[in-house]
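Architecture and fold: a report
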Amino acid sequence: MSKIMLTVDDNPQIVTRSVVDYLMENKIPAVLFIEGARAEKDRDSVLYAIRNGFIIGNHSYSHPFFSKLTYDECVEEIEKTEAIIEDIYKEAGVKRPVKLFRFPFIDKGYDRSEEHKRKLQEYLGAHGFSKLDCSGIKAPGYFSNGWDKDVDITFSYDCMEYMVRPGEMTFSQIMDRLRNGDEEMGSNVLTDKSTNLILIHSHDETEMMEKDYFKKIVGEMIKSGVEFVETKFT
């Protein structure tokens, strides 16, 4: 049976509460990665997720490409959001279980230089961020990218629903890809006899393009009989 560790990016947005409610209704654990600037404007949605048992991860403050920033600017993006997350956990009255970081666009900084990427990984390791326990993942692309060695959290399957835009991809194509698998990563969410780390987004724009897109994608996973499991870290 396929096992799924679910992660949701770009929270909070208007659709986030309905996403949280749907996950609770179906008893699906998930990590919600938040942008600090969004959380400042909608603190209540983050509180709602925490109080209902979801883990909150750091997805930077303003969602920039980290390859376009200096090292100090990258650290500021991370630390501003860290302060917000810590404060919201405190208000929620919940002990923060783990520190997690996901780079926006999975841009780890290597487009600037390998040194830039290395320094960012060293920063995350030195400041208490946890790595994914990827022992159940078998997708070849995850390992050929070297993501098993990095501290930040990536994916073994990207739902790519954010591509449902005029002139890009149709929702039907997204669903076909979900059923057929990601050839580049070598992962098939519905049929792999292993674990997949899933990346999906909480996007108001996607909701406008395809109503209930989140429920339709995750619902297809449920229908196929996958097992949703807690995301584990080292």
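Residues numbered from 1 in each chain as written. Predicted model: local features only at pLDDT ≥ 70, side-chain atom pairs only at ≥ 80, totals over all residues. Heavy atoms only, no water.

Looking now at the packing of aromatic side chains. How two aromatic rings sit relative to each other is set out by the distance from centre to centre and by the angle between their planes. Enumeration according to the criterion identifies 10 aromatic pairs in this entry. Look at Phe101 and Phe103: their rings are 4.8 Å apart centre to centre, the planes differ by 90°, and that puts the pair in the edge-to-face class. Relative to Trp147, the ring of Tyr142 lies with its centre 6.1 Å away and its plane at 85°, an arrangement referred to as edge-to-face. Grouping aromatic residues by their ring pairs yields a cluster made of Phe66, Phe101, Phe103 and Phe129. One cation-aromatic arrangement involves Arg17 over Tyr48; the distance from NZ or CZ to the ring centre is 4.5 Å. A cation over an aromatic ring shows up here: Lys80 above the ring of Tyr61, its NZ or CZ 3.7 Å from the ring centre. (Phe/Tyr/Trp six-rings, centres within 6.5 Å; stacked < 30°, edge-to-face > 60°. Lys NZ or Arg CZ within 6 Å of the ring centre and 35° of its normal.)

Close approach of charged atoms lets side chains of opposite charge pair. Evaluation of the coordinates by the stated rule reveals 19 salt bridges. One salt bridge connects Glu115 with Arg118, and the closest N-O pair in it is separated by 2.5 Å. A residue pair is termed a helical-turn pair when its members lie 3 or 4 positions apart in one helix, as Glu115 and Arg118 do in helix α5 (residues 114-126) at three residues. Taking the relative accessible area as the measure of exposure, Glu115 reaches 41% and is therefore partly exposed. (Salt bridge = Lys/Arg side-chain N within 4 Å of Asp/Glu carboxyl O. Helix = DSSP H or I, 4+ residues; strand = E, 2+ residues; numbered from the N terminus. Buried < 20%, exposed > 50% of the residue type's maximum accessible area, 1.4 Å probe, protein only.)

Here helix α7 (residues 171-180) has its buried residues at Phe171, Ile174, Met175, Arg177 and Leu178. Seen from one end, α7 has its buried residues packed into an arc of 160°, which puts them on one side. On its buried side, α7 packs onto β4 (157-158) and α9 (213-224). Looking one or two places after α7, you find Gly181, whose phi comes out positive at around 95°. (Arc of directions from axis to C-beta. Contact = heavy atoms within 4.5 Å.)

Our focus in this paragraph is the side chain of Arg165. Within the element layout of this structure, Arg165 appears in the loop between β4 and α7. Within the local environment of Arg165, its side chain forms a polar contact with the side chain of Thr206, the two groups lying 3.1 Å apart. Not counting residues within four places of it along the chain, the set of residues in contact with Arg165 comprises His203, Glu205, Thr206 and Met209. (Polar contact = N/O pair within 3.5 Å; in protein donor to acceptor, adjacent residues only side chain to side chain.)

Summarising the element assignment, Leu124 is placed in helix α5. Expressed as a C-alpha distance, the spacing of Leu124 and Gly57, which sit 67 residues apart in the sequence, is 13 Å.

For the rest of this paragraph, the subject is the packing of helix α1 (residues 16-25) against α9. At a minimum axis distance of 11 Å, the contact between α1 and α9 shows a crossing angle of 20°. Here α1 is positioned roughly parallel relative to α9, judged by the angle of their axes. Every pair of crossing elements has a handedness; the one defined by α1 and α9 is right-handed. When α1 is examined against α9, the residues Val19, Tyr22 and Leu23 are found in contact with a partner set consisting of Phe214, Lys215, Val218, Gly219 and Ile222. Its residues placed into classes, the contact of α1 with α9 shows six nonpolar, one polar and one charged. (Axes fitted to C-alpha atoms, helices over the stretch in contact; angles between N-to-C directions. Parallel < 35°, antiparallel > 145°, perpendicular 65-115°, else oblique. Left-handed = near helix turned anticlockwise from the far one by under 90°. Nonpolar A, V, L, I, M, F, W, Y, C, P; charged D, E, K, R; others polar.)

What follows concerns the state of the cysteines. On inspection of all chains with the given rule, the structure shows zero disulfides. Considering cysteine sulfurs only, Cys159 is the nearest to Cys134, which forms no disulfide, with 19 Å between them. (Disulfide = S-S within 2.5 Å.)

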